[in-house]
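Listed here are the chains, written in short residue letters.
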Amino acid sequence: MSRIGVFVCHCGENISRTVDVERVAAEIGKLPGVALATDYKYMCSDPGQGLLKKAIAEHRLDGLVVAACSPRMHEKTFRNAAKAAGLNPFLCEMANIREHCSWVHEDREEATAKAIDIVRLMVERVKKDKALQPITVPITKRALVIGGGIAGIQAALDIADCGHQVLLVEREPSIGGHMAQLSETFPTLDCSQCIMTPKMVDVANHPNITLHTWSEIENVDGYIGNFQVTIRKKARSVDMDKCTGCGVCMAKCPQKKIKSTFDRGLGTRPAIYVPFPQAVPNTPVIDRENCTYFKSGKCGVCAKVCGPGAVDYDQQDELITEPVGAIVVATGFELYTINEKPKGSPIKGYGEFGHGTIPDVIDGMTFERLASASGPTGGKILRPSDGREPKQVVFVQCVGSRAREKGISYCSKVCCMYTAKHTMLYKHKVHDGQAYVFFMDARTPGKSYDEFWRRAVEEEEAVYIRGMVSRLYQKGDKIVVMGSDISVGVQVEIEADLVVLATAVQPRQGADALAQKLGISYDTYNFYSEAHAKLKPVECATAGIYLAGACQGPKDIPDTVSQASAAAAKVMTLFSRDQLEREPIVARVNERNCVACFYCKKVCPYGAVEEKEIRDRQGNLVRVVAYVNPGVCGGCGTCQATCPSKSVELEGYTDEQVMAMIEAL
Amino acid sequence: MNSTAQKLETSTPIDTSCYADVTDAIRKEAARILADGTVTAVVGYKAGRRAGTTMPAIVTDPAEAGGLIFSPACVNNLALYLTKAKKDVVKKGRIAIVAKGCDMRALAGLMGESQIKREEIFIIGVVCAGVKGSGAVNSEPLTTGNLARKCRECTVRTPEGADLVAGTMPSLPELTPVEALEMARLEAMTPAERWAFWKEQFSRCVRCMACRQVCPFCYCEQCLCDKNRPQAVESTPRPAGNMAWHIVRAMHLAGRCAGCAECERVCPMEIPLNLLNRKMALEMKELYGFEAGLAPQEKGPLSSYKEDDDQSFIK
């Protein structure tokens, strides 16, 4: 006969308000196999746990049911208490009479009856629980960081400084991301490149960081501590070992009129190029789509002029597979292109704003390039259409953001601040110019942020108009901006020379595809989801994968860097141990009955099922059966539901236990 | 119910000349592959003890290949002999099997379920004008009257994917789709009527388990319905257990059963089991556009997840 202890928690009044906890304890106490049933105000408190520990010894309990909240909340707490008292922690189960009962019912009589049923089921389950031992798996102390923007750079540097190997994978030819494109940064107006490029160099020189630029994640297998990552190193057409970065190839390339994406189409670059002069690594890439040699087979100038003979037209994409123990995802953002509706997206475009059709309507990032000393205009604010200096500039905030009717309801967080910065940069460069800002409200929570915004308004004399723009159109060489000023209730019309739209921050294209490879979740906008909005802001629900930067949601640089360091800290916490303990709630195969149809293998979302050969002593193959790798198994039970001969069962949720629970009802 | 004995149409004779050609081809091929060591055994049919009947045969000697036949009495689905249910056969080495189109679908299904490997078997496909239903008289020739129900709606008279296909298909007279009509009749019923229909059918079940023993897909060595710790299905022939058994059977065959109707043929109580199989197959086709056994498949719709899977059945 079992000796089970049942502890019914009041949860202050959370449970006892609707459930008669004393009666639950009294009724359960009558069940065969229950040695003790009692109630207490706060089971999770120190005295509550003490009560449980004392009872284990006094009543020689061989199983525990704590009737309280959800196991997600306190299962660990009580299992640890059981362990401390010398009982196998997996003989302790929780009966959820709070979320599943008291919180969702009003009638005390019925709620009490339901609570008794819930506890009774768990008593039956615990009777058939087995003492399980935790599974230990080794940890590969090597991290993968996906994305080489400021988030990825910070995370990689922190982990590498702690002494662990880091693989940094960047899709573009150079690391640096969006921060390398910015001119000055708020709220201090220090030059973005000046603070960014030293960090890029640190990455390149760090002995613990292996940099893979012009590379993408092809596939991810495995689990926390033991991932296998396949990286596609795209053909660069330049041998990285031979290239000295002298730049002769770029100077001699006859194809020079290709629009530079780094300069947002304002400048041009050759077909063999580095995105910007401070690129890391300073090794060019051949843009095969635009290269004359790749298009027609003629030219080959770069190969001829290259002293070290680094240009290699025959280079192929290369796939490498690397073992890593943790992954930091830092894939960043991109700006909403408002002129066209993205394919298959519920987001609507802003055709009425003329972005893409009126050349002098640009987005915020393009303005950054105009204002940047290393930009296509050398830092002069000039109109893209005719190169004249604009005397009236209209900035429009919240383009795309906070517009539910257009498909995006969130705030992009950085636009209020960067628009204020833009008005200042403009004023500093065009002293007789006037900046106007259409805004809904200024959101400036951050250290020295509001002071910065007030400076733009009060000292730098930007005119802030509270209201939205309805339409933009070209009139001669001016752009007429029609909008409303809701604070005085009038329609306004401004004839602007340049219009800058603060377009919404969105996740990178293909963020969803990467999430599917990684097995992490994402929201309707494709921003990656953290495990808990408040208490686990950098962890993914998938163990061993962490988030940093704008891939999780719009963020400014200080927040991004903080989150990147936090993600790095989580990785280092993981790497501080040699082995990882996992809950032994995993599936086990009854090899005697398995008929090797491998339906379990087909449905396993973790890829945990393997084919196992059973051989006799002479080494002859007797049969093949399914084998569940306990290190990989996620304990979802899909195999158990699928197995036609019921030859695979999840520990703690065996058919026998579930049937016993059903029969107790 | 199984009976072709319901004489629904006037019996028109069916051209059975192809069976002799097929028999010749099987004999020649069996002798050849046994003699040259391609296979160690051939699973086929030989004449039964009574005239006009056949029985499954396993031939290992090329000299005995002459005893193999193919006739309208070759009702068995020989795919069963390649499953774990017949371990002694599988142990013989590489095996050749005589397969009608319907048997071929079972073979394809078994390949998809890792039960047999294509390279380990040699398939002698046979064209088939149909086999006799269970009520047919042995001495009678094959007619539209005594044809098995499943053969009336056969879509795989010429098997695909075999190592060799013996015979050429004769043209057939028009056949009444008895089973489809019966399906339509059941579909037209209210759920209560249908429940009553099946309750009555299953109440006759004696749990002889012949349907399980003959099914090529019931290859589990320990059937979950025989388990008693915990017991999922009552094992004695009482209404609740009977209902549970037949529902389990239908669900386990959904997306797998290719419709050889052997379960229905062997049922001593004449329960129309293939109607259930066909209903499940119809659901699979409507929901996922899937038909079992047309080709060996790694994953069927019930063991894979696609974003655009039809979810309309979730209510």
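Residues numbered from 1 in each chain as written. Chains lettered and ligands numbered in written order. Predicted model: local features only at pLDDT ≥ 70, side-chain atom pairs only at ≥ 80, totals over all residues.

As annotated in an unreviewed UniProt entry, chain B carries the name 4Fe-4S dicluster domain-containing protein and comes from Geomobilimonas luticola.

Going by an unreviewed UniProt entry, chain A carries the name CoB--CoM heterodisulfide reductase iron-sulfur subunit A family protein and comes from Geomobilimonas luticola. Recorded in UniProt for chain A, the comment headed Sequence similarities (unreviewed entry) runs: "Belongs to the HdrA family." The record in UniProt for chain A states the following under Cofactor (unreviewed entry): "FAD". (UniProt positions renumbered as here; feature names shortened; annotations may be inferred.)

This brings us to the overall build of chain A. When you go through chain A residue by residue, the secondary structure sums to 18 helices and 34 strands. Counting only residues that meet the buried cut, chain A has 46% of its 665 residues in that class. Here the contacts in chain A between residues at least 6 apart in sequence split such that 69% fall between residues at least 24 apart. (Helix = DSSP H or I, 4+ residues; strand = E, 2+ residues; numbered from the N terminus. Buried ≥ 20, exposed ≤ 12 C-beta atoms within 10 Å, placed from the backbone. Contact = placed C-beta atoms within 7 Å.)

On a plain count of helices and strands, chain B comes out with nine helices and six strands. Residues classed as buried in chain B amount to 42% of the 315 residues present. Look at the contacts in chain B between residues 6 or more apart in sequence, and 73% of them connect residues 24 or more apart.

The next subject is the interface of chain A and chain B. Residue-level contacts link 15 residues of chain A with 17 residues of chain B. When contributions to the side of chain A that touches chain B are tallied by element, the ones reaching two or more residues are α16 (599-603) and α18 (655-664) of chain A.

As a further point, take the environment of L580 of chain A. All names here are of chain A. On the secondary structure map, L580 appears in strand β30 (residues 579-582). When the 20 C-beta atoms within 10 Å are taken as the criterion, L580 is described as buried. Residues within four places of L580 in sequence aside, it is in contact with T136, V137, I139, I224 and G225.

Residues and elements named next belong to chain A. In this model, helix α12 (residues 415-429) (15 residues) spans 21 Å end to end at C-alpha, consistent with the 21 Å of a helix rising 1.5 Å per residue. Buried residues dominate α12, accounting for twelve of its 15 residues. Looking only at α12, the buried set comprises C415, C416, M417, Y418, T419, A420, K421, H422, T423, M424, L425 and Y426. Looking at the buried residues of α12, the elements they touch are β8 (184-185), α11 (364-371), β21 (392-399), β22 (434-439), α13 (449-459) and β27 (498-503). (Expected span 1.5 Å × (residues − 1).)

Cis rather than trans, the peptide bond between V280 of chain A and P281 of chain A has omega equal to 0°. Within the element layout of this structure, P281 of chain A appears in the loop between β15 (272-273) and β16 (285-286). For the peptide bond that leads from R229 of chain B to P230 of chain B, omega is -5°, which places it in the cis range. Along the chain, P230 of chain B turns up in the loop between α6 (210-214) and α7 (239-253). We note that M209 of chain B has phi near 65°; this positive angle belongs to a residue other than glycine.

Right, let's get into the sheet that holds strand β24 (residues 469-475) of chain A. All names here are of chain A. Judged by pairing direction, the sheet is antiparallel, and its three strands sit side by side in the order β24-β25-β26 without closing on themselves. Among the strands making up the open sheet, the edge pair consists of β24 and β26 (490-496). Strand-to-strand twist of the sheet, defined as the mean angle between neighbouring strand axes without regard to direction, takes the value 20°. Of the strand pairs in this sheet, strand β25 (residues 478-485) and β26 are connected by seven bridges, and their pairing is antiparallel. Across the sheet, S484 pairs through a bridge with Q491, a residue of β26. (Pairing = 2+ DSSP bridges. Axes fitted to C-alpha atoms, helices over the stretch in contact; angles between N-to-C directions.)

What follows concerns the environment of M179 of chain A. Residue and element names in this part refer to chain A. Position of M179 relative to the elements: it lies in the loop between β7 (165-169) and β8. M179 sits 13 residues away from S192 along the chain, and the two C-alpha atoms are 6.6 Å apart. In this structure, M179 is in contact with G149, I150, S192, M196 and I557, ignoring residues within four places of it in sequence.

Here we come to the sheet that holds strand β1 (residues 4-9) of chain A. Residue and element names in this part refer to chain A. A sheet is described by the order of its strands in space; here four strands give the open sequence β2-β1-β3-β4, paired in parallel fashion. Edge positions in the sheet fall to β2 (34-40) and β4 (92-96), since each of these pairs with one other strand and no more. Along the sheet, successive strands turn relative to each other by an average axial angle of 15°, direction set aside. Pairing between β1 and strand β3 (residues 63-68): five bridges, direction parallel. Looking across to β3, one finds that V6 is bridged to V65.

Now for the pairing of β2 of chain A. Residues and elements named next belong to chain A. Inspection of the sheet shows β1 paired to β2 by six bridges, in the parallel sense. The partner of I4 across the bridge, within β2, is V34. Of the crossover connections in this fold, the one passing from β1 over helix α1 (residues 21-29) to the parallel β2 is right-handed. (Right-handed = clockwise from strand over helix to strand, strands pointing away.)

By size, the foremost hydrophobic cluster in this structure holds 133 residues, and its most contacted members are V145, A155, A156, V328 and V499 of chain A. In this structure, A155 of chain A is in contact with V145, V328, A330, A548, A564, A567 and A568 of chain A, ignoring residues within four places of it in sequence. (Core = buried A, V, L, I, M, F, W, Y, C linked by C-beta atoms within 7 Å.)

Further remarks concern the confidence of the model for chain B. All names here are of chain B. Per-residue confidence for chain B averages 89 on the pLDDT scale, and 97% of its residues sit at or above 70. Low pLDDT, under 50, characterises residues 1-5; the stretch is placed with 21 contacts to residues that sit more than four places away or in other chains. In the predicted complex, the global pTM is 0.69; the interface-specific ipTM is 0.88. (pLDDT = per-residue confidence, 0-100.)

All names here are of chain A. Packing of α12 against α13 brings their axes to within 9 Å, and their N-to-C directions diverge by 40°. As the angle between them shows, α12 and α13 are arranged oblique. Taken as a pair, α12 and α13 cross one another with a handedness that is left-handed. Residues C416, M417, A420, T423 and M424 of α12 lie in contact with α13, whose contacting residues are Y449, F452, W453 and A456. Grouping the amino acids of the contact of α12 with α13 by side-chain chemistry returns eight nonpolar, one polar and no charged. (Parallel < 35°, antiparallel > 145°, perpendicular 65-115°, else oblique. Left-handed = near helix turned anticlockwise from the far one by under 90°. Nonpolar A, V, L, I, M, F, W, Y, C, P; charged D, E, K, R; others polar.)

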